[in-house]
Amino acid sequence: MNQAFRIGDGGLVNRDKKLSFKFNGKSYFGFEGDTLASALLANGVHLVGRSFKYHRPRGFFGAGVDEPYAIVQLYRNGETEPNIKATEQELFEGLEAKSVNCWPSVNFDIGAINNFLKIFLPAGFYYKTFMWPKSFWYRIYEPFIRKAAGLGVASTKHDNERYEHKYEYCDLLIAGSGPSGLSSAYAAAKNGARVILAEDKPRFGGSLLTSDVNIGNQSGKDWAEGIIAELKTMPNVVVKNRSQIFGYYDHNMLVMSEKVSDHLPKTKKYHPNKRLWYIRAKEVLISSGSIERPIVFGNNDTPGVMLSSAAKEYLKVYGVLVGKKPLVFTNNDSGYETAIEFKKHGVDPIVLDSRKNPKSEIIDEAKNLGINIKNSYVVVAAQGYKKVKSAEIASISDDKKKLGKIESINCDCICVSGFWTPTIHLASQSGNKTKFKEEIDAFVPGVSKQNETTLGSANGVFSLEETLKTSFSAGSELSKKITKNDNNIAIPNVVEKKSSQHDKFWCVPLPKGKNYKRFLDFQNDVAVSDVEIALREGYRSIEHVKRYTTLGMATDQGKTSNLNGLQLVSEIENKVVPAVGHTTFRPPYTPVSIGAIVGREVGKHSKPTRKSPMHSWHEKNNAVFVDAGVWLRPRYYKRGNETLFEASKREAKNVRTNVGVCDVTTLGKIDVKGPDSAELLNRVYTNAWLKLPVGKARYGVMLREDGIVMDDGTTTRISENHYHMTTTTAQAANVLSHLEYYLQLIWPELNVNVVSTTEQWAGAAIAGPKSRDLLQKLFPNSDVSNEGLPFMGYMEGDFFGIKARIFRISFSGELAYEVNVESDYGNFMWENIMKVGEEFGIQPYGTEALSTLRIEMGHVAGSELDGRTIPYDNALEGLVSKKKDFIGKRSLQRSAFTAEDRQRIVGVVPLDRQTSIPEGSHLVKDDKAPLPNPKLGHISASCWSVEYDNPFSLAILKDGKNMIGQKLFAMSPLKNKVIPVEIVSSHYVDPKGERVRS
Amino acid sequence: MLYINCPHCGMRSQNEFSYGGDASVKRPELNKEVSDQEWDDFVYNRKSLRGKHLELWQHISGCRQWIKVERDTSTHEIFRTFKAEEEVA
Ligand SMILES: [Zn+2]
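Residues numbered from 1 in each chain as written. Chains lettered and ligands numbered in written order. Predicted model: local features only at pLDDT ≥ 70, side-chain atom pairs only at ≥ 80, totals over all residues. Heavy atoms only, no water.

What is the right way to read the overall build of chain B from this model?
When helices and strands are tallied, chain B shows 1 helix and 6 strands. What you see in chain B, going N to C, is helices and strands ordered as β-β-β-α-β-β-β. Projected onto its principal axes, the C-alpha coordinates of chain B cover approximately 40 × 25 × 25 Å. Taking all 89 residues of chain B together, 38% fall into the buried category. Residue pairs in contact within chain B that sit at least 24 positions apart in sequence constitute 44% of those at least 6 positions apart. (Helix = DSSP H or I, 4+ residues; strand = E, 2+ residues; numbered from the N terminus. Buried < 20%, exposed > 50% of the residue type's maximum accessible area, 1.4 Å probe, protein only. Contact = heavy atoms within 4.5 Å.)

Following this line, the structure appears as structure tokens:
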């Protein structure tokens with residue numbers, strides 16, 4: 001608890017608020033405002049994990065989003081989350097975290113044996129070894145890799161946190177709140193533009209928090225605070241911290257993940273854990289800054305080796321010393337800034353500068369402070385296993401090829417600076433053609449494809465003065481175009497120290513006789529030697545080298561490794577870096593929680609639920625529901641201990657003998673109105689529609705242009721120019737779009753309007769031999785006799801004072817009617833039907849009984865109209881007009897559709913009259929034939945025939961017309977069943993259709 | 001996500017629309033004799049262009065109008081949008 005590496009005062013943490021936390025089971029203290037990383041470092045903890053492949057000890061390398069090592073498993077409020085960067089996770093009271101990638105523990109790791117066997121694990125090892133023999137993969141290799149590797153474990157429990165999605169629009173979206181982000185946001189906001197400023201860290205200000213500069217006669221940090229405070233008061237500005245813009249998509253749509261609650265011990269009531277913002281911006285300003293590059297040297301992955309900027313940030317923001325005997329290894333002036341901070345806090349650093357004789361104001365300041373500086377010196381290798389203990393250093397020749405005599409010096413950390421890499425991910429994702437900037441050895445954005453501008457160090461501009469000038473101007477110019485306001489904001493004066501040219505030096509040569517591992521990619525353990533092997537084996541494209549070596553493919557996506565990898569390839573290949581090119585940047589910039597991506601669309605919110613107006617009645621009467629698209633429909637009404645099979649049989653039987661009622665509200669309904677309605681129907685359906693009289697219904701089949709059946713249903717002529725069309729539940733939306741397509745695009749001359757009325761009508765199908773008796777009692781004032789309301793007739797009636805529509809149509813094959821009332825009266829209708837129907841033995845029936853009834857009648861439904869069948873296949877060719885044209889007619893002439901042995905619907909009965917045939921079973925001639933057994937057809941629907949009390953199925957069978965009476969086998973490898981069957985007519989019950997007309 | 005200018009409603013996000021394929025295809029007139037080749041070209045054969053493409057979209061969660069969208073299939077740039085009845089030169 002002593003926080004031995006915390007300096008006496010300073011930093012931005014709240015020293016009045018002490019927080020306790022646990023790491024790998026041990027308790028520590030930190031302060032409010034710490035990250036898990038800074039708090040651990042304050043306690044001198046440097047060993048936080050093991051590397052992915054060799055399981056080498058891992059410490060901290062960065063202080064933010066670029067961190068490749070310090071990935072932990074987080075435990076918070078009873079939940080756990082993997083893949084958390086300790087450098088990004090803010091400390092809260094009671095935080096618990098564990099190392100990943102180590103088994104059994106971080107200090108003793110079995111996988112580390114890979115480190116000593118590393119000769120066996122060169123580039124492409126996984127490709128070469130684990131691919132063969134194939135049978136070893138599942139049994140041996142994969143379980144081993146899964147156990148030994150991986151970056152934590154996902155929770156298997158339900159996630160109780162809530163995640164939100166938000167859609168937002170703005171004039172300017174600004175990514176990053178460093179000097180360029182603040183300047184451009186301020187200038188644009190003053191012009192009245194709607195601005196969103198996003199910062200991924202908890203604190204605003206970016207590099208101003210750690211740099212020693214003055215803006216407008218204040219420290220950079222104070223200036224930043226002032227700007228943010230003013231922006232927050234402006235109604236046209238949204239300022240968001242802890243918010244990472246991670247993806248730049250088409251048409252200036254960007255996605256941002258806001259961590260609302262991760263910094264708290266527990267999410268506040270009614271608050272989400274994270275909020276995903278979909279932002280459509282008119283202009284995007286990318287001020288995402290830059291990330292320091294490492295210099296590559298031996299054992300450069302040893303805990304204690306870190307970026308010099310990170311060491312400075314731990315000191316200036318958190319008041320934490322990453323070491324007390326620091327060695328700074330640099331090729332530019334940034335290392336000196338870190339050394340100066342150490343010195344100011346009473347710690348003596350040694351600076352190794354690869355340059356021979358650099359001169360600048362910063363270097364002068366370091367010299368004046370008496371800092372020990374060695375020019376033309378490099379770190380050859382770090383020494384120490386779990387922590388840096390010393391360094392091998394040497395002088396280096398001017399051509400950087402020869403090392404001088406190796407010396408060893410004591411140190412407890414090595415702070416590296418290999419200059420800066422602009423963060424161009426967002427610009428690149430937007431489609432920007434990036435270009436290589438020779439002066440800084442890095443890529444910068446080039447020609448914009450979308451409305452995007454990159455500013456400041458993300459654009460390779462490292463002078464603060466220049467950054468402020470260009471950013472104020474960009475913010476002002478872009479906003480002026482949108483708002484037409486021009487409040488010319490004065491650019492504040494800047495005081496900064498000038499720096500000198502960096503050294504184009506990125507990799508220390510190996511001393512003779514040593515083969516230190518020199519790592520490029522720290523998270524995936526890709527060393528210089530691995531890339532050398534890949535190139536030697538013939539890989540040339542940088543994309544191939546990346547995949548073969550896994551360079552830059554870890555969760556940090558190579559933020560600290562990409563450029564050094566490119567330098568190496570270009571050096572070996574003797575090409576310039578831009579000729580090698582960089583790999584593609586893809587979203588997300590940093591890992592995003594799956595929960596945030598899913599948002600609220602979980603559980604019952606994953607899709608809308610549609611309920612019929614009679615739903616509450618069904619619920620009260622023990623309905624068991626089934627999903628029908630987004631609808632919930634009663635599958636059966638359970639009585640006592642009935643099974644689905646028993647209940648559906650009872651319900652279907654009751655329809656065949658008495659009367660049943662079924663909720664058919666879910667059927668799609670479309671109102672077709674206008675003088676050309678009949679003409680439209682005549683073109684859409686395969687049969688003739690011009691002569692349908694008012695008050696009559698007709699069954700119709702509609703095709704797609706390719707001749708495949710799209711949907712079927714009955715349409716009724718309500719009045720002269722008004723038709724009521726019904727569709728299947730599943731196709732309702734598609735049919736409406738289909739009609740709109742033809743009316744708007746193909747036949748705009750037709751004067752017809754279509755609109756969905758599915759929600760407007762509640763429907764009840766009343767079916768069974770006693771249905772007319774029941775109907776007569778329900779509508780005592782209407783003549784519903786066979787003459788008054790014949791089959792396919794329609795009338796309006798008075799239903800206990802409510803207007804109702806009565807259709808004499810049947811899906812069950814029985815004498816049947818369908819009654820529609822306005823939706824709000826649905827329950828009223830249903831209750832009255834049940835009450836009046838009592839004396840006729842009425843029972844409600846669900847979709848299972850409905851299926852049984854239609855299957856044994858041979859009526860087709862979705863399982864036959866499956867997008868692969870034409871009218872003939874469904875025995876519907878009688879409905880195909882020869883006289884008129886209609887959608888899809890020409891396709892029916894295709895030779896495959898007119899073939900003599902064309903597939904056709906048939907009935908299938910098991911020979912034993914006992915065994916139910918699984919739906920989807922294949923029909924074959926010989927059950928012993930070698931695989932693949934030639935398939936003649938498939939079972940589309942199965943039921944238990946209540947008429948004959950044995951199983952019955954429908955099938956689509958090749959040459960079905962000539963197969964009646966044949967004996968085949970129904971095979972279901974899935975259910976492990978082979979059933980001898982007989983082919984019969986699909987019209988199993990009442991083949992002449994006498995009942996519906998009775 | 002694309003940002004589409006519905007000629008009836010204005011700028012709307014792609015998730016309000018559904019895609020409807022090539023808008024340059026002309027349906028043969030009803031009752032007209034059509035060769036197998038012509039019919040195949042209408043029903044099946046599409047160019048799958050890279051570059052400027054005139055395509056149909058329906059503003060399905062908006063005004064429900066079918067519209068024509070001139071879009072670059074490789075860059076997603078949208079140049080112009082038209083109402084269903086507008087002829088595109
Ligand atoms: Zn619209």
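Read on for the rest.
I tried to follow the overall build of chain A on my own but got confused; where do I start?
Tallying secondary structure elements over chain A gives 24 helices and 50 strands in all. For chain A, buried positions account for 59% of its 998 residues. For chain A, long-range pairs separated by at least 24 residues make up 67% of all intrachain contacts whose partners lie at least 6 apart in sequence. Summed over all atoms, the accessible surface of chain A reaches about 41300 Å², with 52% contributed by carbon and sulfur. Side-chain charges in chain A split into 130 positive and 113 negative, and the spacing between the mean points of these groups amounts to 3 Å. (Areas by Shrake-Rupley, 256 points an atom, 1.4 Å probe, with all protein chains shown as cover. Lys, Arg positive; Asp, Glu negative; His and termini not counted. Charge placed at Lys NZ, Arg CZ, Asp CG, Glu CD.)

What should I look at first to understand the sheet that holds strand 39 (residues 753–756) of chain A in this one?
The strands making up a sheet associate through hydrogen bonds between their backbones, and the pairing can be parallel or antiparallel. Residues and elements named next belong to chain A. Judged by pairing direction, the sheet is antiparallel, and its 5 strands sit side by side in the order 36-37-38-35-39 without closing on themselves. Both outer strands of the open sheet, strand 36 (697–703) and strand 39, are each paired with one neighbouring strand and no more. Along the sheet, successive strands turn relative to each other by an average axial angle of 25 degrees, direction set aside. Direction of pairing for strand 35 (residues 668–673) relative to strand 38 (residues 722–727): antiparallel, over a ladder of 6 bridges. Bridge pairing in strand 38 links isoleucine 670 to methionine 725. Helix 20 (residues 732–746) rests against strand 35, strand 36, strand 37 (709–719), strand 38 and strand 39 of the sheet, and its axis sits at about 165 degrees to strand 39. (Pairing = 2+ DSSP bridges. Axes fitted to C-alpha atoms, helices over the stretch in contact; angles between N-to-C directions.)

What is the right way to look at empty space enclosed by the protein in this model?
Regions of empty space are outlined by a rolling probe, equal in size to a water molecule, passed over the atoms. Residues and elements named next belong to chain A. Under the definition given, this model contains 4 cavities of 30 Å³ or more. Reported here for the largest cavity is a volume of approximately 190 Å³. Thr421, Pro422, Asn562, Leu563 and Phe585 are the residues nearest the centre of the largest cavity, which is lined by 18 residues in total. Those elements that place two or more of their residues in the lining of the largest cavity are strand 25 (420–422) and helix 14 (562–573). Element by element, the count of residues in the lining of the largest cavity is highest for helix 14, at 4 residues. (1 Å grid on protein atoms, 1.4 Å probe; cavity = no way out; pocket = protein on both sides within 12 Å on 5 of 7 lines; lining within 4 Å. Points joined across faces, edges and corners; volume = space filled by probe spheres on them.)

What is the right way to look at the pattern of salt bridges in this model?
Oppositely charged side chains are able to pair whenever their charged atoms sit close together. Residues and elements named next belong to chain A. All told, the structure shown has 63 salt bridges over all chains when counted by the stated rule. The partner of lysine 274 in a salt bridge is aspartate 262, and the shortest N-O contact between them spans 3.2 Å. Of this pair, lysine 274 sits in strand 15 (residues 274–286) while aspartate 262 is found in the loop between strand 14 (253–259) and strand 15, placing the two residues 12 residues apart along the sequence. Taking the relative accessible area as the measure of exposure, lysine 274 reaches 4% and is therefore buried. Assessed through its relative accessible area of 10%, aspartate 262 is described here as buried. Where lysine 316 meets glutamate 341, a salt bridge forms, and the shortest distance between an N and an O atom there is 3.6 Å. Placement of lysine 316 in helix 7 (residues 308–318) and of glutamate 341 in helix 8 (residues 334–344) is noted, with a sequence separation of 25 residues between them. Lysine 316 gets classed as partly exposed once you look at its relative accessible area, which sits at 23%. Shared partners join several salt bridges into a network, and the residues in it are Asp212, Lys316, Glu341, Lys344, Glu365 and Lys497. (Salt bridge = Lys/Arg side-chain N within 4 Å of Asp/Glu carboxyl O.)

When you look at the interface of chain B and chain A in this model, what are you seeing that I'm missing?
Note on interface size: it is often stated as the accessible area lost on association of the parts. Contacts between chain B and chain A engage 28 residues on the former and 29 residues on the latter. Across the chain B/chain A interface, buried area totals approximately 2400 Å², and carbon plus sulfur atoms make up 52% of it. Its largest share of buried area at the contact with chain A, chain B owes to Met1, Arg27 and Leu30 of chain B, together 26% of the area lost on that side. Here chain B is connected to chain A by 3 salt bridges. The residue arginine 27 of chain B makes a salt bridge to glutamate 705 of chain A at a minimum N-O spacing of 2.3 Å. In this assembly, chain B and chain A are joined by 18 residue pairs in polar contact (both at pLDDT 80 or more). Where the side of chain B that touches chain A is concerned, the elements lending two or more residues are helix 1 (36–43), strand 4 (52–58) and strand 5 (66–72) of chain B. In terms of residue count, helix 1 of chain B provides more of the side of chain B that touches chain A than any other element does, 4 residues in total. (Buried area = accessible area lost by both parts, 1.4 Å probe. Polar contact = N/O pair within 3.5 Å; in protein donor to acceptor, adjacent residues only side chain to side chain.)

Looking at this structure, I do not really get the pairing of strand 2 (residues 10–13) of chain B. What am I missing?
Residue and element names in this part refer to chain B. Pairing between strand 1 (residues 3–6) and strand 2: 4 bridges, direction antiparallel. Bridge assignment links tyrosine 3 to a residue of strand 2, and that residue is serine 13. Between strand 1 and the antiparallel strand that follows it, strand 2, lie 3 residues.

Before we go on, may I ask you to explain the sheet that holds strand 5 of chain B in this structure?
All names here are of chain B. Sheet architecture is open: 4 strands sit in the order 3-4-5-6, paired in antiparallel fashion. The open sheet terminates on both sides in strands that have one partner only, identified here as strand 3 (18–22) and strand 6 (78–83). Here the strands of the sheet are splayed against their neighbours by 30 degrees on average, with no regard to which way each runs. Direction of pairing for strand 3 relative to strand 4: antiparallel, over a ladder of 4 bridges. When the sheet's bridge partners are listed, aspartate 22 is paired in strand 4 with glutamate 55.

Looking at this structure, how should I read the coordination of the zinc ion?
Under perfect tetrahedral coordination by four donors, a metal shows angles of 109.5 degrees; under perfect octahedral coordination by six donors, it shows angles of 90 or 180 degrees. Residue and element names in this part refer to chain B. Listed as protein donors to the zinc ion are Cys6 (SG), Cys9 (SG), His59 (ND1) and Cys63 (SG); their distances from the metal cover 2.0 to 2.3 Å. The site at the zinc ion holds 4 donor atoms, and with the angles between them running 103 to 113 degrees, its shape is tetrahedral. Between consecutive donors of the zinc ion, the numbers of intervening residues give the motif C-x2-C-x49-H-x3-C. You can see cysteine 9 sitting in the loop between strand 1 and strand 2 and its partner histidine 59 sitting in the loop between strand 4 and strand 5, a full 50 residues away along the chain. By relative accessible area, cysteine 9 is classed as partly exposed at 28%. (Donors = N, O, S within 2.8 Å, 3.2 Å for Na, K, Ca; no water. Tetrahedral: all angles 85-135°; square planar, octahedral: opposite > 155°, others 65-115°.)

Could you clarify how one ought to interpret the state of the cysteines in this entry?
Joining two cysteines, a disulfide is a covalent bond between their sulfur atoms. All names here are of chain A. Applying the stated criterion across every chain, the model contains 0 disulfides over all chains. Free cysteine: cysteine 411, not disulfide-bonded; nearest cysteine sulfur from cysteine 413 at 7.1 Å. On the basis of relative accessible area, cysteine 411 is assigned to the buried category, the value being 2%. Between cysteine 413, a cysteine without a disulfide, and cysteine 415, which holds the nearest cysteine sulfur, the sulfur-to-sulfur distance is 4.1 Å. Its relative accessible area of 0% is what places cysteine 413 among the buried residues. (Disulfide = S-S within 2.5 Å.)

Is there a simple way to explain unusual backbone geometry in this structure?
Note on backbone geometry: most residues besides glycine have negative phi, and most peptide bonds are trans. Residues and elements named next belong to chain A. Here the bond from proline 587 into proline 588 is cis, since omega is 0 degrees, no more than 30 degrees from zero. Among the structural elements, proline 588 can be located in the loop between helix 15 (577–580) and helix 16 (594–598). Here the residue pair leucine 931 and proline 932 is connected by a cis peptide bond, since its omega of -5 degrees sits within 30 degrees of zero. Take proline 932: it is sitting in the loop between strand 46 (922–924) and strand 47 (937–945). Look at histidine 251: it is not a glycine, yet its phi comes out positive at around 55 degrees. Residue placement: histidine 251 occurs in the loop between strand 13 (243–249) and strand 14.

Can you walk me through the packing of aromatic side chains in this structure?
The geometry of an aromatic ring pair is captured by two quantities: the separation of the ring centres and the angle between the planes. Residue and element names in this part refer to chain A. Taken as a whole and assessed by the stated rule, the structure comprises 28 aromatic pairs over all chains. Considering the side-chain rings of tyrosine 314 and tyrosine 318, the 6.0 Å spacing of their centres and the 40 degrees angle between planes classify their relative orientation as tilted. Taken as a pair, tyrosine 314 and tyrosine 318 lie in helix 7 at a separation of 4 residues, close to a single helical turn. Both residues of the pair, tyrosine 314 and tyrosine 318, belong to the buried class. (Phe/Tyr/Trp six-rings, centres within 6.5 Å; stacked < 30°, edge-to-face > 60°.)

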